[in-house]
Amino acid sequence: MAPSDASLWARARAGDAGAFGVLFRRHAKAIYNFLFRSTADWAAADDLLSIVFLEAWRRRDKELDEGNVLPWLYGIAANVLRNRRRSERRFAAALRRLPKAESEPDFSPAADEHVDDERLMRQALDLLHELPEREQEVFVLCAWMELSYEDAALALGLPIGTVRSRLSRARARLRELEPGRGHLEGGDPVSDQ
Amino acid sequence: MSPSPSIPPLRDLSPGRLETHHAHLLSEIGRQSPWRPRPPTVAWTSLRVAVVAGASATAAAAITAAVAVTWGGGAPSRDVTGPRHLAYAFHVPWTRSITLSGRDYLPAVQSKSLSTADSLHPGGRVPSGVYVLARYQAAANGDRGPIAVQWVKTTRQLAVSSQSGDRVDSPSRPVYFVVLHGHFVDENAYYMGGAARAPRGTVLSFTIDRKSGRVLDFALAKKSPDFSKLGRPQRFSFGSGRRAK
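What you see is a predicted model, and the numbers here were worked out from it, not measured in a lab.

Parameters at a glance
- Residues numbered from 1 in each chain as written.
- Chains lettered and ligands numbered in written order.
- Predicted model: local features only at pLDDT ≥ 70, side-chain atom pairs only at ≥ 80, totals over all residues.
- Helix = DSSP H or I, 4+ residues; strand = E, 2+ residues; numbered from the N terminus.
- Buried ≥ 20, exposed ≤ 12 C-beta atoms within 10 Å, placed from the backbone.
- Contact = placed C-beta atoms within 7 Å.
- pLDDT = per-residue confidence, 0-100.
- Expected span 1.5 Å × (residues − 1).
- Arc of directions from axis to C-beta.
- Pairing = 2+ DSSP bridges.

Observations concerning the overall build of chain A
Summing up its helical and strand segments, chain A has 8 helices and 0 strands in all. For chain A, the succession of helices and strands along the chain, N to C, is α-α-α-α-α-α-α-α. Taken over 193 residues, chain A has a buried fraction of 36%. Summarising the internal contacts of chain A: among those between residues at least 6 apart in sequence, 66% fall at separations of at least 24.

Below you can see the structure in the form of structure tokens.
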């Protein structure tokens, strides 16, 4: 029987890097996809994945109960994304002055899928970026990553009521922005209560 | 909940990437020190409370000693030789002790510095927060005995501009700008590519928010910052390390 997240986390807190490695293997895919759905860039998601888990290791003095490990990792990922956005803004002007690198053609079978994914995701994010940042985070976690209100609240360090209201406002605004599309609509998150 | 049809489906990492990340993660963890202490935040409010409490206790003890001398009909005992020594005898329980390689140095520093942000460390004309955080940063970055420490009161943007061209969010925030000279290695820096060495440098600089006591900016470099717009820096050393030049 596979050890629970809580027991692995307890071992990681005691300095067991192997246990932390198991947690990484278990949750890497979820965090990787969350990062992609927030950036529309698989390469960036790949880079940020390591940073998220290194940050989690650095903050391993945090006590976590069973079921809280993944939401907490989402919270760290959200912080890493915020830091990245700040850095991007700061260095955007400098980056724009750099000559563009020649992109190397990728003939792997997944390359087409990835390009399509990124195009689709950029379209969705373009719309989402019309919302305030705090509503974007709640929407991505609840609607796209299918977290419950409770888990999203834990991840973002918010009261559940705030998560509900932000998600509701986000959906309403998205409906106003794109009345015909509606493809950003997700169902209601599953409540643990 | 049904997944949104117009966003891409969940995907696995590219073949081999999970293993690469896993190996990189374990390698990075192995490079880090077993335990990295969080920077101590000198809680100025708590310090003020402690100052009042300490002063009250000192006064009470001094009165008790005076009463003992006056009413006891003799000289005070050797344990009660004056308020200064009494003040140092009070333990300060609100500071979190920080152990670096088994050496517990913060209580030793802070029990002697019952002071506010701008008050001076007993060892010299150095604000207590500057002394404590400089000592912490030196130890956490691999050089417990830096050659010298310089500090100056300035604003955040001026401090950061003297070291790099970065812009900061709150440029006019009053800070202490602290510069340590020694040999530092930031073993806990995050950087991509497992083959790269940890950042290192001979000049470690950071800013401390004078209101909250928090460390705001941090840099490792090989060149001293330009103090020309910051005024004349004060200088001190920790005494136990190499001598200040």
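More follows now that the structure is in view.
Some remarks on the confidence of the model for chain A
On average, chain A scores 83 in pLDDT, and the residues at 70 or more come to 80%. The low-confidence segment residues 182-187 of chain A, where pLDDT is below 50, has 14 contacts with residues more than four positions distant or belonging to other chains.

What about helix H8 (residues 160-177) of chain A?
All names here are of chain A. With 18 residues, H8 ought to run about 26 Å at 1.5 Å a step, and its terminal C-alpha atoms sit 26 Å apart, in line with that. Residues Val163, Arg166, Leu167, Ala170 and Leu174 constitute the buried set of H8. The buried residues of H8 occupy an angular sector of 100 degrees when the element is viewed end-on, so they sit on one face. Exposed and facing more than 90 degrees away from the buried side of H8 are Gly161, Ser168, Ala172 and Glu176.

Remarks on the pairing of strand E4 (residues 174-185) of chain B
All names here are of chain B. With 9 of 12 residues buried, E4 lies mostly within the body of the structure. As paired strands, E4 and strand E5 (residues 200-209) are joined by 9 bridges and run antiparallel to one another. Across the sheet, residue phenylalanine 184 finds its bridge partner in E5, namely glycine 201.

With respect to helix H6 (residues 156-163) of chain B
Residue and element names in this part refer to chain B. Within the span of H6, buried status applies to Arg156, Ala159, Val160 and Gln163. An end-on view of H6 places all buried positions within 90 degrees of arc, on one side of the element. On its buried side, H6 packs onto strand E3 (148-155), E4, E5 and strand E6 (215-221).

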